[in-house]
Number of protein chains: 2
Amino acid sequence: MRIKASEEKRFLQAVFDKDGFSREDGDLLADTLVDADLRGISSHGIQRLAWYTRMIKSHIIEPGNKVKVLKETPTSLLVDANKNMGQIASSFAMHSLIEKTKKIGISLAVIRNSNHFGTAGYYARMAAKQGLIGIALTNTRPLVVPTNAYDAFLGSNAFAFSFPAEPHPFVFDGATSIVSSGKIQVLAKNHQPIPGDWAVDSKRHVVHDAKKVEDDLSKIAFTEHQPGGGVLTLGGNLESNSNYKGFGNSLVVELLTGILAQGPISADTNQPGKHDFSQFLLAINPDLFGDLETFKKNAENMFDRIRGLDHIPGSTIFIPGDREYKNYDQNLKAGVVIDDQTAAELQKIGNENQVPVPEAL
Amino acid sequence: MRIKASEEKRFLQAVFDKDGFSREDGDLLADTLVDADLRGISSHGIQRLAWYTRMIKSHIIEPGNKVKVLKETPTSLLVDANKNMGQIASSFAMHSLIEKTKKIGISLAVIRNSNHFGTAGYYARMAAKQGLIGIALTNTRPLVVPTNAYDAFLGSNAFAFSFPAEPHPFVFDGATSIVSSGKIQVLAKNHQPIPGDWAVDSKRHVVHDAKKVEDDLSKIAFTEHQPGGGVLTLGGNLESNSNYKGFGNSLVVELLTGILAQGPISADTNQPGKHDFSQFLLAINPDLFGDLETFKKNAENMFDRIRGLDHIPGSTIFIPGDREYKNYDQNLKAGVVIDDQTAAELQKIGNENQVPVPEAL
């Protein structure tokens, strides 16, 4: 079914209010989820609400806690998210980096003791909207098997990069692994198979049954019972196709998040009492090197040339972000898509909180 | 054949001296190529000398030119490599960033009007040896086909990331594409087939004949005659295996190099008079967030746990850099490997310059 984005937001704000988030924090959380659904990134939209709700009930997320700044310099910020949602600490930190970067050219923040932060692109875009280059990273629960390994160890470890451009900032946003686990969740909820070589079993045989993979990933990510296997690194199953490069990209994120924040690495976030995630944010002022309008023009010109390259008939060359901006405009009019399982979950959450659920359009 | 690394260095220093490089610049260039050969990265070792020599003869490289600083702030450096080798400007810039970063926590440099800079890892490691996190990027000639496209447009666009660790810094260093063109060059020189899905023809059919791909890439990279096809993005030939993520990684490098430096993008470096490359360097002081020794210990602990994961029998789980450090120690004793074609090229260059060529061990 489809629901109006404004109704989705109202519902989420009301639920987050009942959960004990401040008005400001609840509005932010609702905005990040609705934004993802509008962009067609349903893996990071309202389908995560049931999971968030479970984590609040088990005190992995503490909605009333305030962000703490542990250390600050003119170029940096070390933040304790204080077991609240990652969105709250990340939005706070990126606002601070935007100010710092406008003064001094570049700055970075590391966040510990955090939770899921929605899409990484949300924070990278905050910088780009201010004429800055933005980067956002997070580690996650363990889901991804290193090159040649049988067991998941790495997080799906999101990476987002945003660069000022017209009519929209350039946004490249996604897991460093071949896909995010959320994408497999959505296929499983819709009873669809996995269309590529995304996941393997305990002997590194590729599995296309989304439900089986989703079941295994739930155990891998949330329990100490490890069935083996997991999501592949970018590059796929074979070392001969350079899957060690995807592994390398994942490790870069591990080092800049869990290690630099002195929180747990992804592999340890499924251990009791070690659930917390770490995030890394960076902002650069391109003004250090030239004129913003020239950068925007040159970037857009490059994108247009790529979009216009000769290509496979029936396919489209999408610049990262193109598909999401197109979805955004369409879904704002037609409503955001909610799968049946998520609709049932929302009904349950609505009932529990006495909040009316958005009606199908 | 194998030759002694010290002999390789002596030979290169003598040749670079005859080419008109300063003693200091020639020593640096020789060091970067010998370092690559010692690490087993022969794609970026002395096999590049014949290419460098051709570029010097055609004044694409100007060995006597000095690096110019165009703009400097406490956190940044904009450098004009002045048509000299990328190694010279990049080493100069990273030395400056190390000083800046020790004072202010983070700094970055952009280099324009540059040439090939050897391995990106060389500059990232410079930072890590000083207890800093280092990043180095370069654009290249056009070699890589975007998702769904028939023609090469992107550079192979190297990315290196180094993080302090013991006994060696962590170094992840490679093309953002599925492989560098140098790797295909080495297979072609050794009459070996391509072992994975690395390159496609003008209709995106995978090609495993290294000589054919190498011939096509030479045209794509160096002439205006475009036979079509090229190297694939990380993720391979299919959109369903997320090759758009490899495409995204390549675009990030394009934006931070050619666009930010206001030099040509990779696609335009095969045009007459627009040969120049751009580089991007970044250094971060982890000291902003905690204690260096703790970071090193935690990183190494993570690497050891990954190395010890259960894995495919007969395979090894290499942390990025492991293989290269192992090669380094072995090749220092046994000598670096020189393929027959490169040996013949060195003989010719030695004769032309009246420099004795290293003898086979």
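Residues numbered from 1 in each chain as written. Chains lettered and ligands numbered in written order. Predicted model: local features only at pLDDT ≥ 70, side-chain atom pairs only at ≥ 80, totals over all residues. Heavy atoms only, no water.

Caption draft 1: Inspection of the sheet that holds strand 6 (residues 142-145) of chain B at higher detail. All names here are of chain B. Strand order in the open sheet made by the 5 strands is 7-6-12-10-11, with mixed pairing throughout. If you trace the sheet from one side to the other, it starts and ends with strand 7 (154-155) and strand 11 (206-207), each paired once. Each of strand 6, strand 10 (199-200), strand 11 and strand 12 (230-232) is contacted by helix 7 (residues 210-222), which is oriented at about 115° to strand 6, the strand it contacts most. (Pairing = 2+ DSSP bridges. Helix = DSSP H or I, 4+ residues; strand = E, 2+ residues; numbered from the N terminus. Contact = heavy atoms within 4.5 Å. Axes fitted to C-alpha atoms, helices over the stretch in contact; angles between N-to-C directions.)

Caption draft 2: Examining the pairing of strand 9 (residues 170-175) of chain A more closely. Residue and element names in this part refer to chain A. Within strand 9, 5 of the 6 residues are buried, which leaves it mostly tucked inside the rest of the structure. In terms of strand pairing, strand 8 (residues 158-163) meets strand 9 through 6 bridges, oriented antiparallel. Counted as the bridge partner of Phe159 is Gly174 from strand 9. With antiparallel pairing between neighbouring strands as the criterion, strand 8 and strand 9 make up a hairpin whose turn holds 6 residues. (Buried < 20%, exposed > 50% of the residue type's maximum accessible area, 1.4 Å probe, protein only.)

Caption draft 3: Representation of the confidence of the model for chain A. Put simply, chain A has an average pLDDT of 96, and 99% of its residues get 70 or more. For this predicted complex, the interface confidence score (ipTM) comes to 0.97, while the overall pTM stands at 0.97. (pLDDT = per-residue confidence, 0-100.)

Caption draft 4: Representation of the packing of helix 2 (residues 23-38) of chain B against helix 10 (residues 322-334) of chain B. All names here are of chain B. Two elements in contact, helix 2 and helix 10, have axes whose closest approach is 8 Å; the angle formed by their N-to-C orientations is 105°. In terms of orientation, helix 2 lies roughly perpendicular with respect to helix 10. Residues Asp35, Asp37 and Leu38 of helix 2 form the contact with helix 10, whose participating residues are Asn327, Tyr328, Asn331 and Leu332. Looking at side-chain class alone, the contact of helix 2 with helix 10 contains 3 nonpolar, 2 polar and 2 charged residues. (Parallel < 35°, antiparallel > 145°, perpendicular 65-115°, else oblique. Nonpolar A, V, L, I, M, F, W, Y, C, P; charged D, E, K, R; others polar.)

Caption draft 5: Focus on the relation of the copies chain B and chain A. Superposition record for chain B on chain A: RMSD 0.0 Å, screw rotation 180°, translation along axis 0.0 Å. As the rotation angle and translation indicate, the two copies are arranged about a two-fold axis. Looking at the rotation axis and the C-alpha trace of chain B, the residue lying nearest is Gly235 of chain B, at 2.2 Å. Of all interface residues in chain B, 100% are interface residues in chain A too; the two copies therefore contact each other through one and the same surface. (Least-squares fit on C-alpha atoms with pLDDT ≥ 70 in both.)

Caption draft 6: Layout of the environment of Ala109 of chain B. All names here are of chain B. Considering the arrangement of structural elements, one finds Ala109 in strand 4 (residues 106-114). Owing to a relative accessible area of 0%, Ala109 belongs among the buried residues under this scheme. Residues Ala109 and Ala334 lie 225 residues apart in sequence; the distance between their C-alpha atoms is 38 Å. Ignoring sequence-local partners within four residues, the contact set of Ala109 consists of Leu77, Ala93, Leu97, Gln279, Phe280 and Leu281.

Caption draft 7: Region of interest: unusual backbone geometry. Of note, the amide linkage connecting Glu166 of chain A to Pro167 of chain A takes the cis form, showing an omega dihedral of 0°. Note that Pro167 of chain A resides in the loop between strand 8 and strand 9. Despite not being glycine, His191 of chain A has its phi angle at roughly 55°, a positive value. Within the fold, His191 of chain A resides in the loop between helix 6 (181-189) and strand 10 (199-200). With a phi angle near 55°, Gln262 of chain B is a residue other than glycine that sits in the positive phi range. Tracing the chain through its elements places Gln262 of chain B in the loop between helix 8 (243-261) and strand 13 (277-284).

Caption draft 8: Expanded view of the domain arrangement of chain A. Residues and elements named next belong to chain A. Looking at the assigned domains, one finds that chain A contains domain 1 (1-64 + 321-361) and domain 2 (65-288). A separation of 20 Å is found between the C-alpha centroids of domain 1 and domain 2. The partner domain 2 presents 30 residues to the 32 residues of domain 1 that form the contact. Carbon and sulfur atoms supply 56% of the area that domain 1 and domain 2 bury against each other, a total of about 2700 Å² over both sides. Connecting domain 1 to domain 2 are 2 salt bridges. As a salt-bridge pair, Arg125 and Asp35 come within 2.7 Å of each other at their nearest N and O atoms. Taken together, the links from domain 1 to domain 2 amount to 17 residue pairs in polar contact (both at pLDDT 80 or more). Looking at the side of domain 1 that touches domain 2, the element that brings in the most residues is helix 2 (residues 23-38), giving 8 residues. Its residues assigned to classes, the side of domain 1 that touches domain 2 shows 13 nonpolar, 11 polar and 8 charged. (Domains from an automatic or database assignment. Buried area = accessible area lost by both parts, 1.4 Å probe. Salt bridge = Lys/Arg side-chain N within 4 Å of Asp/Glu carboxyl O. Polar contact = N/O pair within 3.5 Å; in protein donor to acceptor, adjacent residues only side chain to side chain.)

Caption draft 9: Quick peek at the interface of chain B and chain A. The partner chain A presents 90 residues to the 90 residues of chain B that form the contact. With both sides pooled, the region where chain B packs onto chain A buries about 7000 Å², and carbon together with sulfur makes up 69% of that total. Applying the counting rule to chain B against chain A returns 4 salt bridges. Counting across the interface, chain B meets chain A through 32 residue pairs in polar contact (both at pLDDT 80 or more). Mapped by element, the contributors of at least two residues to the side of chain B that touches chain A are strand 2 (68-73), strand 3 (76-80), strand 4, strand 8 (158-163), strand 9 (170-175), helix 8, strand 13 and helix 9 (292-307) of chain B. Per-element accounting of the side of chain B that touches chain A gives the leading share, 13 residues, to helix 8 of chain B. A breakdown of the residues in the side of chain B that touches chain A according to their chemical character gives 51 nonpolar, 24 polar and 15 charged.

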